[in-house]
Amino acid sequence: IPDAWDWRDHGAVTPVKNQGMCGSCWAFSTTGNIEGQWAINSASRKLLSLSEQELVDCDKEDEGCNGGLPSQAYDAIMKLGGIETENDYTYEGKDDKCKFNQSEVVVKLTGAVNISQDENEMAAWLYKNGPISIGINAFAMQFYMGGISHPWKLFCSHTSLDHGVLIVGYGKKGNEPYWIVKNSWGEHWGVKGYYLVYRGDGTCGLNTMCTSATVN
Ligand SMILES: CCC[C@@H](/C=C/S(=O)(=O)c1ccccc1)NC(=O)[C@H](Cc1ccccc1)NC(=O)N1CCC(N2CCOCC2)CC1
């Protein structure tokens, strides 16, 4: 696989979004993954912006603005019958009643996969298949101002994951390998909304809950 790869350069990543005052990061991680799968692995090859609010309101396996898991969201989307576009089911940033409309579904899932915790295998999977939904401990992200984040384990527990985000690529700056992570805190946070984090030692637990939906 190439030394560097960035799915933003290959039409598989929508613009950075903003979850606002709602703990819906898990929904953004989920839609980001499915947006990539649809653009890369479906017959249509179209990059669509998908609805997080549908997940916040209608995914009863998760807890809306109080948190959730992408792995549970994939299952909920399959049971609901698919996911609508951002435009058809717009983001409100608060828990609301479910307004799911089957006739507006644009993407259906066929399943989901767990991805290896080995970061070399993760990079190979990403290059072959697309962006990866991950859980991470977001402690260091709250103070991130740019560069390659590599906090001490002491400050960034590998076992208490509290944030859902999306790995869209990887690279190396000099001798330092890094992941390119899409966040959902708006484009003024981090590096145009992105987090560059050290690749290779399970920083902040980013390798421990890697998942993807499958679209066909
Ligand atoms: C209150 C919810 C906060 C929200 C993200 C909010 S956030 O605003 O992005 C943020 C995160 C960190 C610091 C500051 C701000 N976090 C989540 O949704 C995280 C995201 C995550 C964690 C681990 C792996 C993947 C994804 N998930 C969670 O918070 N939860 C996971 C599911 C859990 N359920 C409990 C009952 O039994 C079923 C499971 C509820 C809590």
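Residues numbered from 1 in each chain as written. Predicted model: local features only at pLDDT ≥ 70, side-chain atom pairs only at ≥ 80, totals over all residues. Heavy atoms only, no water.

Enquirer: Just to check I follow, could you spell out the overall build of the protein for this structure?
Expert: A count of helical and extended segments in the protein gives four helices and eight strands. Secondary structure elements in the protein, listed N-terminal to C-terminal, are β-α-α-α-β-α-β-β-β-β-β-β. A compact globule built from 216 residues should have a C-alpha radius of gyration of about 17 Å, and the protein, at 16 Å, falls within 12% of that. For the protein, the spread of C-alpha atoms along the principal axes amounts to about 50 × 35 × 30 Å. Counting every position in the protein, which comprises 216 residues, the buried fraction comes to 55%. Surface summary for the protein: the accessible area is close to 9,800 Å², and the carbon and sulfur share equals 52%. Positive and negative side-chain charges of the protein, numbering 17 and 26 respectively, have mean locations separated by a distance of 4 Å. (Helix = DSSP H or I, 4+ residues; strand = E, 2+ residues; numbered from the N terminus. Rg over C-alpha atoms; globule rule 2.2 N^0.38 Å. Buried < 20%, exposed > 50% of the residue type's maximum accessible area, 1.4 Å probe, protein only. Areas by Shrake-Rupley, 256 points an atom, 1.4 Å probe, with all protein chains shown as cover. Lys, Arg positive; Asp, Glu negative; His and termini not counted. Charge placed at Lys NZ, Arg CZ, Asp CG, Glu CD.)

Enquirer: Explanation requested: the site of the ligand in the structure shown.
Expert: In the vicinity of the ligand lie 20 residues, with Gln19, Cys25, Gly68, Asp162 and His163 positioned nearest. Taking Asp162, its main chain carries an N or O atom lying 2.9 Å from a nitrogen atom of the ligand. Starting from 860 Å² of accessible surface for the ligand in isolation, the protein chains cover 66%. Of the residues in the shell around the ligand, the class split is eight nonpolar, 10 polar and two charged. (Near = heavy atom within 4 Å. Polar contact = N/O pair within 3.5 Å; in protein donor to acceptor, adjacent residues only side chain to side chain. Nonpolar A, V, L, I, M, F, W, Y, C, P; charged D, E, K, R; others polar.)

Enquirer: How should the nonpolar core be read in this particular structure?
Expert: Soluble globular proteins tend to bury their nonpolar side chains together. Of all hydrophobic cores here, the largest spans 37 residues; its most connected members are Met122, Ile132, Ile134, Ile136, Ile167, Trp179 and Tyr195. Only α1 (25–41), α4 (119–129), β3 (132–136), β5 (163–173), β6 (176–182) and β7 (194–198) provide two or more residues apiece to this core. A per-element tally of this core places β5 first, with five residues. Setting aside residues up to four positions removed in sequence, Ile132 forms contacts with Asn33, Ile115, Met122, Trp125, Leu126, Val165, Leu166, Ile167, Cys210 and Thr211. (Core = buried A, V, L, I, M, F, W, Y, C linked by side-chain atoms within 4.5 Å. Contact = heavy atoms within 4.5 Å.)

Enquirer: How should I be thinking about the pattern of salt bridges in this particular structure?
Expert: Working definition: two side chains of opposite charge can pair if their charged atoms are close together. Evaluated as defined, the whole model comprises 11 salt bridges. As a salt-bridge pair, Asp96 and Lys94 come within 3.6 Å of each other at their nearest N and O atoms. Here the salt bridges do not stand alone but share partners, grouping Asp57, Glu92, Lys94, Asp96 and Lys99 into one network. (Salt bridge = Lys/Arg side-chain N within 4 Å of Asp/Glu carboxyl O.)

Enquirer: Looking at this structure, how should I read the state of the cysteines?
Expert: Here is the idea: a disulfide is a covalent bond, and it sits between the sulfur atoms of two cysteines. Following the criterion strictly, the structure yields three disulfides and no others. The residue that forms a disulfide with Cys22 is Cys65, at a sulfur-sulfur distance of 2.1 Å. One quick way to see it: the torsion about the S-S bond of Cys22 and Cys65 is about -95°, and its sign makes the bridge left-handed. Remark: Cys65 occurs in the loop between α2 (52–58) and α3 (70–80) and Cys22 occurs in the loop between β1 (5–6) and α1; sequence separation between them is 43 residues. Between Cys58 and Cys98 runs a disulfide, and the two sulfur atoms are separated by 2.1 Å. Taking the sign of the S-S torsion, about 100° here, the bridge from Cys58 to Cys98 comes out right-handed. Taken together, the positions of Cys58 in helix α2 and Cys98 in the loop between α3 and β2 (111–114) put the pair 40 residues apart, joining distant regions of the chain. Within the protein, bonded cysteines paired by disulfides and numbered along the sequence follow the pattern 1-3, 2-4, 5-6. (Disulfide = S-S within 2.5 Å.)

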